Every structure is written in C-alpha cells, then in structure tokens.
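One-letter residues, chain by chain:
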Amino acid sequence: MPTTPDENLSERHHDRSRRRPRARITHSTRTDPAAQPRRGRALAGATLAAAPAAALLVPVPALAGPVHAVGDAPASTTAHGAGEPGTVRGDLPNGGHYVLVTPEWWNGTVLVWNPGYGGGGSDPSAGPSEELVDWLVERGYALAGTSSAEGGWAVEGLLENQPLVMDAVRDRLGEPEDVIAWGSSMGGLTSVAALEQHADLIDAALPLCGSVAGAIPMLNGSLDGTFALRMLLAPGDARLQLVNISDEAERQATFREVLDAAQATPEGRARIALAASLAQIPTWTQADDERPGRRDWAAQQDQLYRAFMFGVVSPRQPLEDRAGGNFSWNVGVDYTKALAGSENATLVRTLYRQAGLSLDRDLETLADAERISADPEAVAYMQRNATPTGGIDGPVLTLHETGDTAPTVTQARTYADRVRENGDESLLRQAFVDRPGHCAYADAEIAVLVEALQQRLDTGRWGSTAKPSHLNRAADRIARRDGLDRGGSFASVRPDPMNRPERGPAPEAVSHQGMLDGERAYALHQPADWNGDLVVMPGRDDLTGVTAQWLAEQGYGTIGYELSDGWDLVLDEANAEAAVETFEQLAGDADDVVVAGRSQGGLTTRIVADAAPEWLAGSLPMCGGGAGAISTWNYKLDTAFALRELVDPDSAMQIQGIEDRVAELQAMNDLVALADSTDAGRARAVLAAALSKIPAVDPETGQDIRRGQLEARIDRYIEHLPFAMGSHVRAGYEQTVGGTFSWNTGVDYRRELQRSGRWAEVNQAYREAGLSLSEDLRTLDRADRLSADPETVRLVEQTATFTGELEAPVLSLHTTGDGAGTIADDAAYRSTVTAAGSARQLRQTFVASEGHCTFTPAEEAAALTALFDRIETGRWQSTAPRQLDRLAARVDADSDLDLGVARFTSGDAPGQPARMWDLRNWGEYRAE
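Residues numbered from 1 in each chain as written. Predicted model: local features only at pLDDT ≥ 70, side-chain atom pairs only at ≥ 80, totals over all residues. Heavy atoms only, no water.

### Some remarks on the overall build of the protein chain
Here is the rule we go by: Helix and strand definitions follow DSSP, with helices as H or I runs of at least four residues and strands as E runs of at least two, each counted in order from the N terminus. Relative accessibility under 20% of the residue-type maximum defines a buried residue, over 50% an exposed one, and the middle range a partly exposed one, all with a 1.4 Å probe and only protein chains included. Per-residue accessibility takes into account occlusion by the displayed protein chains alone, with areas from the Shrake-Rupley method and a 1.4 Å probe.
Each helix and strand in the protein chain was counted, giving 30 helices and 20 strands. A principal-axis box enclosing the C-alpha atoms of the protein chain has dimensions of 105 × 75 × 45 Å. In the protein chain, which comprises 928 residues, the share counted as buried stands at 61%. Split by element, the accessible area of the protein chain, about 34700 Å² in all, is 47% carbon and sulfur.

Here it is as structure tokens:
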C-alpha cells in the first residue's frame, strides 16, 4: 500500500506568548543583517592548490592539490593573521562529493555551487569558471562546490548535500556570516529549492539560467511541444514516446528523423512552428545568428526548428526513472487558448496560410487527441526535487538569457509570480541579458551579480544594485579593472507567463490511500475540477459519506484520516498537518485549507485552530470538546462520582485510575441500570445529569422535552448517562497521557448544581421520590474526593485545553441533544475565545437533533459553505438558524445528491458551563 513520504518539506516553529509550544510546518523567519562593515577572517592551515576548473553542465577534471577528508580538515580560526589559500576535496556521508576553496582573508561569505544536468562524479567544481573562482577568492569569498553520487537529474542528491557541505565548511572555516547557494541550469533550480528547503542554512540564492519555476512546468511545456509534433506529423509512430520512456536513445533519434523530414516541406515547417510555440520556444535561439527580422518568418521558423531537439525533446527517461513514473500531463489543456496567448501566434498563422493548411483543423486534432495523465507519486517526487513554491526567507537574484530554450525565459515570470503570491516580492530581483544561448554568461556578468547580492545581504536593501543600468556600469568597471570577460548588456525584460505554470498534478481525479504517523490510515481525493481548496477531515479515513461526496461534487479536495486509539490528541493534531503535507505532495498545493472533524475529530479541529498553523484558513469543529479536555473530563467525573456515591457507594466503578477497562464498563452499565430500577435512583440520575448538563431532547422531533414531562426527561438522562461518564474513553486517555487528569477535590456540589440551571428540576425529582436533596448534597460533601496527578494535568492543559487565540475563522456545529458533550461546552468555548480577544473569528451554530454528531449532510454542507464564504469575503454572513436553513436548501437543490433537510436552531443553554478550565486556569491545580 502506498504510504506518506517520510520527510517533511520543511519544519516551522512559532513562539507565541501564552501559547503552548507546538511543532508545525512553517518557514523560519530571517531578518536582514544590519548594514555594517564586515570583518575579514584569516584562515590558518589552508593548503595551497590550483584553482578549480570551470563546470557548467558536465563534470570537470579533478583539481590539482592535496585532498582531505572532512575529518582531516585543519581546525578553523577567526583570528587575524597571515594564511594561505587552499583547496580541500572530500566525500560526503551520502556518497556525494564536495570541494572547498578558501581565501587568505575570509570575508565571512560562502558560495555553494550546484552543477547543471549531468554534474555528478567525484570532482565537483566551485564555480562556473576558473577565472571567476580566482576573482572571488581574491575578494575574500570562500567557495564550496558539490556533486551527487550519480549524474543526471541529481536534484535530490544535491539538496541532501547542502547541510553536509556546510558541515565541511564549518569544520574548516567556522560559522559563516552568509551562505549563498548558486548554480547554473539544474543547479540554478537546486539553489532556489535549497533556499526553501534549508532556510536555516542558506541565506540567499543566485540561480543562473535556472529552471526556477521547477521541473513540473518545464517538462509539461516540453510535453505540449512533443505531443503536438507527434499528433500532427506522425500520430501512429509508437517510437515517438511522449512519456513512460523505455528507450531514450531511440526516442531521440526518431524525433530527429521526423523533425528533419518535416522541415523539408511547408506543411511540416508550419507544424514545427506550432509545436515549438506551444512549448514557448523563442524565435532567436542560436548564439551565432543575428536576431531574425520581425517579419522574417522563414528565419524565425528556422530558429525554432534548430532549437527543437534541445529545447523541447528533453531527455525524460532518466527523470522518470528517478521519479518512479510519469510526472507530466496535458489533461484539460486548451491548445487553442495557449497559441492565442503566444507571441508567436502571428508567425504560426502566417506559416499555416503560406502552406495552405487549416490551423483550426490542426488545433481540433489536438483537442480531440487522447490526453496524457500523470502518476501522482511521480508528480510528488518532482515537486520535492524540485518545483519551488516561491516561499523564500532570503534574497534571490536570478539571471536569464531571453533566447534560452532549456529553460525558456518564461520560467522567470512564473517564479516571480509565485514569490509575489507568497508576499515575498521584496526579496526577489531578476536580471536578463537579451541574447540567445543557455548559460553562456561572461564572468563579469556573474561577478556583478555576486556583488549585488552581497550588498543586499549586507544592507538589507536592494537599492539600484539590480537595475540593468547599474549592472552594466558595474560589469564594465570589473571588466576594465580586473580583466574579466564582459559579455553583453543587461536589459529590462518582462517575460511572458508560462502556459503551464502548474506545481501540482493534472486536472483529473486523484485518489490515494496510505498511512500517516502512528499507523493511522488516510484517504485523499482530488476531483478533476478541483477548485483549489482542501478540507481535512479527522476521523473520516474512507471518504465514503455523503458529505465527502458532496465536497467532491463541488470541486473541493479532501483528505480524511483515522484518529488515534486512546485519545492520543497530540498524534491526531500532528496528523492534521501531516495530512495537509501529504495532500500537497500527492495532489498539489491548496489555496485554502479547512479542518472539519466530528467528536474526537471535532476536538482535534479545535486544537488545530488554537495552535494556529500557518496553513489553516478556517475550522469547522462539530460536536467535539468545546470546553477542553480538563473541563470535559472533570464534569464527566462529577456525574460518575455523584451517581456512584448516591446510588451505590460500593460499586466497583473506579471513575479514574482505571485498571481494567472491561470491568469498568460493566460496573458503569450496572450502576446506570441500578439507578433506573428505582424511583430514588432515577431522581439521583437527574442530579448526576445536571452536573454535566445532559440534554433531554425528543428523539423524533429534536425539540427539548417540556419541563412538565419529568419522567420522559429522566428517560433521556438514563439513556445518555454512559456516554456522559465516558469510562470507555477515559481508560484509554489515561493510558495515553500516563496518569489521572481529573479531580473533584474542593468542589462544592451544591454550588455546581445551582450553576447548572437545573436546581428546580432536581428538587422536583427528589420531592416526587420522597428524597432529601440537602441530605444527598451533604453525602457528596462527606465522600472521599478524587485527586489528579499534577504533571498529567499540566500535560493535558498544554495539549488539549484552549488559549482561545484564533487567527483563522471558526464555525462550530453542535446538536442540541448531544449527551456525550453538551452545548454548554460551546458557551465555555465562547468564553475562552472572547477572553482572548478573538470573538470576531467565531460563530456557533446548533441543530435541533437528539444524539451525538447526528447531523444531516445538508447541515454539514451548509456550515462548510458558510465557512468558505467567510474565508473568501473576509466577513461573516448571517449564521442565524433561518438563514442557514435556507442556505442548506439551496445547497441541496444545487446538488445531485440527496443531502436531507436542515434543522438549525438557537443554542441557548441555561446556567453556566460546568467546571471551566482554559488558559486562565493553567498551572493552578494542586493535589491535596
């Protein structure tokens, strides 16, 4: 069975005053260093060696000079003094390799070079050229380089290398002030991915000609081009494999054969132009050619043809082997729309007209052709290795050639869009040189970018350092003063957006099952018309219910997971985050994430809302734990204690410290049956029920049974007493947390009964049974009380009671006839949230229904609709019962499913919440 990937994409931690510490997935926060002069650091014991040779896309020869393993590196020093520069090579624990070139006087910055495609082997380079490495070392930079154990699409290995390389750097140099990840092509992608995934190690990124939007959109664009070429020129040629490649060499040779034959005819040239344009290949791609004229259609088409094999027919088999399947798709792609938005649209139309072909007919052929789906696990692999999110914590300066084809310059635009969507646009600057070629940069062009990025790190500001005019002046100065190759001119460029900017899987239904932490099963579903939102459903691991079907019908993604045994709420909360991460890895990033759970899942939902994870957009807790675990289990203890002491003090029911769960359940059920067997016992059941506010609701109508119908009300109390005491759950929870967490030392039961709002009813029941209520209350006062383990209480406080500090909207849903956790819990929750100043985030809704979590799908659908409306608009619409009933009716009418009826009502409960315990009480319990 497929399982969740073991590794988190990142670990995030927030420290909030008055909040319990909870691990969650976040971005670590960086602050820019203050502008101040740097102190150089002398390096002792460095070994003199020749500078490394250049490496752009392939491995380079080994550098001359001694080679040291990591453990053999001389001890670092930050003392001022003379030293010698040197080169150290070594192996990394994961089979990768590194090189470290150290200056005589260190400025505190390390640049970590990541190679392009094919850059494996044991001889990594420290930079793109020997001359540039020398120039940087002379200016005090330390340069590290890394390579993976294997070549090819080595992003996974290179990302694993980053912390290992930095260990080697620290062993030799000490702690750096700044670490810059840089690289070319695939190495440029690795650099921005490393900044995201290793934000604790890397301060900035300098990707050169990198596929910074990631592997998924890059290869989806390639698929578009090869798909069009095959469908229009050789649809029956099985050798033209598009995905799931079995023989890459044959595939490449066949595409070359078909491409060359097509170039010999006007019809073929027109179709090559269409296919290349769908892959967004530019019309100036050859470094030795002049830019074609604006209306020189033949020259522009020739540029597309000559770039097609390198830019479109990208090697897939090595990538698919690593990913374990196909990671590209074109389901749902509108090629007519894609062409209309292309800057090559006029070229394509002209060539089709000159060839006497119907462009509309060819586009219809593409529209009618069978589309290609992706393997979710392979997509997830390529998301990790790597398709950046654009969420960055440090500055990034990218460099692209406008005529690059692997990747195309459109990657820069998509990456910028993602960074802006994350709110990090102030950290990004992008530089362009207006010429064809792939990674063909001059040393002065790169040197000036290193200077600009270093200044941004030093000062916390970009200023004008990344503007084309400044870069050109600075590059001229470096070339004139230091003799580095100058290259061309930086230019202001705004690239087109990518046709295929996707990070996640294809627009087709994706279903998956596996296991989360604690061997808890999960199931996820992403509908074909996914609207981008995700509902996490603790406690619904099969997604077969009508509500889950409705969510899929409406375009919502869902992931449900199995809850823990023994009320392991820490695990349940952690699995909510793991569920989000799993969905994003297997199905794609969600725009808004809502958690919606019932019962134990409802309590989990409130805990997630209270912890305020960064990914949470809203919560829908249903019938679960609004008072928090301490309060809930204290009033359940009160009910059990009163029933035992007044009905049968010799009962074997332990109430807490339960040693034998089966025996405890039997004793509890026997006690309830004994109470029900006599008038005195039934009267005392009314007192016990009042302490936990058990409701008395007509099972048929969902309406409160009138006060005058005392016997009918007592029948409901008796029915709910076992659930209200909850020994079947308490036993497991005590085992999970390692002790007792409920107590009644110091409790005044007369006062608690008065606070319950049920004194009159209890007094009536006692009077009709011929009992003395005052005497029974004195009996409870005299009875030996139960205490808790203070350490366990503190643990439960931290993990299952509330601060009330809500940073995302919460809409709760509760049945008025719930005996396991009554609507008085909602009053407690409202008090906690109001005290924390978060009342504007909370709305509470109620359903007139008897039982625990007995909602109709219409009621759940209406609540989810209201919550998503709040998330989208930023304000609550009316959640009055009548309005919600109308909303449920509309939702049901718009659905092909039978959602049932809605029974929303007011939720006022008499009296005060029982035994409240929240942040305001933390740390107060003392054992007597």
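Now that the structure is up, let's keep going.
### Some remarks on the pattern of salt bridges
Cut-off, in case you're wondering: What makes a salt bridge here is a side-chain nitrogen of Lys or Arg within 4 Å of a carboxyl oxygen of Asp or Glu, nothing more.
Under the criterion given, the structure shown has 44 salt bridges. Among the ionic pairs, arginine 682 bridges to glutamate 711, the shortest N-O distance being 2.8 Å. Placement of the pair is arginine 682 in helix 21 (residues 679–691) and glutamate 711 in helix 22 (residues 710–725), with a sequence separation of 29 residues. The exposure class assigned to arginine 682 is buried, which follows from its relative accessible area of 10%. Residue classification places glutamate 711 among the partly exposed positions, given a relative accessible area of 44%. A salt bridge links arginine 785 to aspartate 781, with the nearest nitrogen and oxygen atoms 3.7 Å apart.

### Some remarks on the packing of helix 25 (residues 759–769) against helix 26 (residues 773–782)
Pairs of packed helices are described in terms of their axes, by the angle between the two and the distance that separates them. Put simply, the rule reads: Only C-alpha atoms enter the line fits that serve as axes; for helices the fit covers just the stretch in contact. Angles between N-to-C directions range over 0 to 180 degrees. An angle counts as roughly parallel when it lies under 35 degrees, as roughly antiparallel when it exceeds 145, as roughly perpendicular when it falls between 65 and 115, and as oblique in every other case. Contacts are residue-level and defined by heavy atoms, with any inter-residue pair within 4.5 Å sufficient.
Close contact between helix 25 and helix 26 brings their axes to 9 Å; oriented N to C, the two are set at 105°. Here helix 25 is positioned roughly perpendicular relative to helix 26, judged by the angle of their axes. Contact residues: helix 25 offers Trp759, Val762, Asn763 and Tyr766, while helix 26 offers Leu773, Asp776 and Leu777.

### Points about the confidence of the model for the protein chain
The predicted structure's coordinates, where accompanied by low pLDDT, should not be read in detail. Worth spelling out the cut-off: Per-residue confidence from the predictor is given as pLDDT, running between 0 and 100.
Looking at the protein chain as a whole, the pLDDT averages 89, with 90% of positions reaching at least 70. Here residues 1–83 is a poorly scored stretch, pLDDT under 50, and it has 242 contacts once near neighbours within four places are set aside; other chains count.

### Side note on the state of the cysteines
Spelled out, the test is: What counts as a disulfide here is a pair of cysteine sulfur atoms lying within 2.5 Å.
By the definition in use, this model includes 2 disulfides. Between cysteine 209 and cysteine 439 runs a disulfide, and the two sulfur atoms are separated by 2.0 Å. Given an S-S torsion of about 105°, the disulfide between cysteine 209 and cysteine 439 has right-handed geometry. Placement of cysteine 209 in the loop between strand 8 (204–208) and helix 4 (215–233) and of cysteine 439 in the loop between strand 10 (428–436) and helix 14 (443–459) is noted, with a sequence separation of 230 residues between them. Of the two residues examined, cysteine 209 and cysteine 439, each falls in the buried class. Between the sulfur atoms of cysteine 623 and its disulfide partner cysteine 853 the distance amounts to 2.0 Å. What sets the handedness of the cysteine 623 and cysteine 853 disulfide is the S-S torsion sign, and at about 100° it is right-handed. With cysteine 623 in the loop between strand 17 (616–622) and helix 19 (629–647) and cysteine 853 in the loop between strand 19 (842–850) and helix 29 (857–873), this residue pair connects regions lying 230 residues apart in the sequence. Of the residues examined, cysteine 623 reaches a relative accessible area of 4% and is grouped as buried.

### A few points about the sheet that holds strand 14 (residues 534–538)
Stated precisely, the cut-off is as follows: Pairs of strands are assigned from DSSP output, requiring at least two bridges between the strands.
Taken in spatial order, the 9 strands line up as 12-13-15-14-16-17-18-19-20 in an open sheet, and their pairing is mixed. Whereas interior strands pair on both sides, the edge strands pair on one side only; in this sheet they are strand 12 (510–516) and strand 20 (904–905). Strand direction decides the pairing type here: strand 12 and strand 13 (residues 520–526), joined by 7 bridges, are antiparallel. Residue pairing in the sheet places leucine 516 in a bridge with arginine 520 of strand 13. Here helix 29 sits on the sheet and contacts strand 14, strand 16 (593–598), strand 17, strand 18 (810–817), strand 19 and strand 20; the angle it forms with strand 17, its principal contact strand, is near 155°.

### Regarding the environment of threonine 283
Of note, threonine 283 is situated in the loop between helix 6 (266–278) and helix 7 (297–311). Taking relative accessible area as the criterion, threonine 283 reaches 18% and is therefore assigned buried. In the structure, threonine 283 is positioned 120 residues away from glycine 403 in sequence and 7.6 Å away in space, judged by C-alpha atoms. With residues near it in sequence (within four places) discarded, threonine 283 still touches Pro292, Gln300, Gln303, Leu304, Asn344 and Leu347.

### Some remarks on the sheet that holds strand 6 (residues 142–147)
Read from one edge of the open sheet, 9 strands run 2-3-6-5-7-8-9-10-11, paired in mixed fashion. Edge positions in the open sheet fall to strand 2 (86–91) and strand 11 (490–491), since each of these has one partner strand only. In this fold helix 1 (residues 130–138) packs onto strand 3 (97–102), strand 6 and strand 7 (178–184), with an angle of close to 140° to the strand it touches most, strand 6.

### A word on the packing of aromatic side chains
Selection rule: The criterion for an aromatic pair is that two Phe, Tyr or Trp rings (for Trp, the six-membered ring) have centres within 6.5 Å, with stacked assigned to planes under 30 degrees apart, edge-to-face to planes over 60 apart and tilted to the rest. Criterion for a charge above a ring: Lys NZ or Arg CZ within 6 Å of the ring centre, and within 35 degrees of the ring normal.
According to the stated counting rule, one finds 13 aromatic pairs in the structure shown. Relative to phenylalanine 741, the ring of tyrosine 733 has its centre 4.8 Å away and its plane inclined at 55°; by these criteria the two rings are tilted. The same class applies to tyrosine 733 as to phenylalanine 741, namely buried. Taking 5.5 Å as the distance between ring centres and 85° as the angle between the ring planes, the aromatic pair formed by phenylalanine 802 and tyrosine 829 counts as edge-to-face. Taken together, the positions of phenylalanine 802 in the loop between helix 27 (790–800) and strand 18 and tyrosine 829 in helix 28 (residues 824–835) put the pair 27 residues apart, joining distant regions of the chain. Judged by its relative accessible area of 1%, phenylalanine 802 falls in the buried class. Residue classification places tyrosine 829 among the buried positions, given a relative accessible area of 0%. Stacked on the ring of tyrosine 829, the Lys or Arg arginine 606 has its end atom at 4.5 Å from the ring centre. It is lysine 636 that lies over the ring of tryptophan 633; its NZ or CZ is 5.6 Å from the centre.

### Notes on unusual backbone geometry
Put simply, asparagine 385 and alanine 386 share a cis peptide bond, and its omega is 0°. Secondary-structure assignment places alanine 386 in the loop between helix 12 (376–384) and strand 9 (396–403). Here alanine 406 and proline 407 are connected by a cis peptide whose omega angle stands at 15°. Tracing the backbone shows proline 407 in the loop between strand 9 and helix 13 (410–421). Phi at glutamate 519 takes a positive value of approximately 55°, unusual for a residue other than glycine. Considering the arrangement of structural elements, one finds glutamate 519 in the loop between strand 12 and strand 13. Positive phi outside glycine occurs at tryptophan 567, with the angle close to 55°. Note that tryptophan 567 resides in the loop between strand 15 (557–561) and helix 17 (569–586). Classification of tryptophan 567 by relative accessible area gives buried; the value is 13%.

### Topic: the packing of helix 16 (residues 546–553) against helix 29
Defined as follows: Helix crossings are classified by the rotation of the near helix relative to the far one: an anticlockwise turn of less than a right angle makes the crossing left-handed, while a clockwise turn makes it right-handed. Residues were grouped as follows: Ala, Val, Leu, Ile, Met, Phe, Trp, Tyr, Cys and Pro as nonpolar; Asp, Glu, Lys and Arg as charged; and all remaining residues, including Gly, as polar.
Two elements in contact, helix 16 and helix 29, have axes separated by 9 Å at closest approach and are oriented at 45°. Accordingly, the angle class assigned to the pair helix 16 and helix 29 is oblique. Crossing angle aside, the handedness with which helix 16 passes helix 29 is right-handed. Residues Val546, Thr547, Trp550 and Leu551 of helix 16 touch helix 29, and the partners they reach there are Pro857, Glu860, Ala861, Leu864 and Thr865. Counted by class, the contact of helix 16 with helix 29 contains 6 nonpolar, 2 polar and 1 charged residues.

### Some details on helix 25
The condition that has to hold: In this description, the arc belongs to the directions extending from the helix axis to the C-beta atoms.
Within the sequence span of helix 25, burial applies to Glu761, Val762, Ala765 and Tyr766. Seen along its axis, helix 25 keeps its buried residues to an arc of 135°; they face one direction. In helix 25, the exposed positions angled more than 90 degrees off the buried face are occupied by Ala760, Arg767 and Glu768. On its buried face, helix 25 sits against helix 19, helix 21, helix 22, helix 24 (749–756) and helix 26.

### A word on the environment of leucine 637
As for its placement among the helices and strands, leucine 637 is situated in helix 19. Classification of leucine 637 by relative accessible area gives buried; the value is 0%. Considered as a pair, leucine 637 and glutamine 241 are 396 residues apart in the sequence and their alpha carbons are 68 Å apart. Sequence-distant contacts of leucine 637, that is, excluding residues within four places in its chain, are made with Ile655, Gln656, Arg730, Ser742, Trp743, Asn744 and Leu786.

### Quick look at the layout of surface pockets
In plain terms, the rule: Any residue with an atom within 4 Å of a point lines the site, the site being either a cavity, points on a 1 Å grid over the protein atoms alone where a 1.4 Å probe fits but cannot get out, or a pocket, an open set with protein on both sides within 12 Å along at least 5 of 7 lines. Grid points are joined across faces, edges and corners, and a volume is the space filled by probe spheres set on the points.
Size it by volume and the second largest pocket reaches roughly 690 Å³. Within the residue set of the lining of the second largest pocket, elements represented by two or more residues are helix 7, helix 10 (345–355) and strand 9. Considering only residue class, the lining of the second largest pocket consists of 11 nonpolar, 13 polar and 8 charged.

### Some thoughts on the side chain of aspartate 533
Our working definition: The convention is simple: Lys and Arg are positive, Asp and Glu are negative, and His and the chain ends are not counted. We define a polar contact as two N or O atoms separated by no more than 3.5 Å, with the added condition that, inside protein, one atom must be a possible hydrogen donor and the other a possible acceptor, whereas residues neighbouring each other in sequence contribute only through side-chain atom pairs.
With respect to the helices and strands, aspartate 533 occurs in the loop between strand 13 and strand 14. For the buried aspartate 533, which has no salt bridge, the nearest side chain bearing the opposite charge is arginine 870, at an N-O separation of 13 Å. There is a polar contact of 3.3 Å between the side chain of aspartate 533 and the backbone nitrogen of aspartate 592. With residues near it in sequence (within four places) discarded, aspartate 533 still touches Tyr556, Gly557, Asp591, Asp592 and Phe868.

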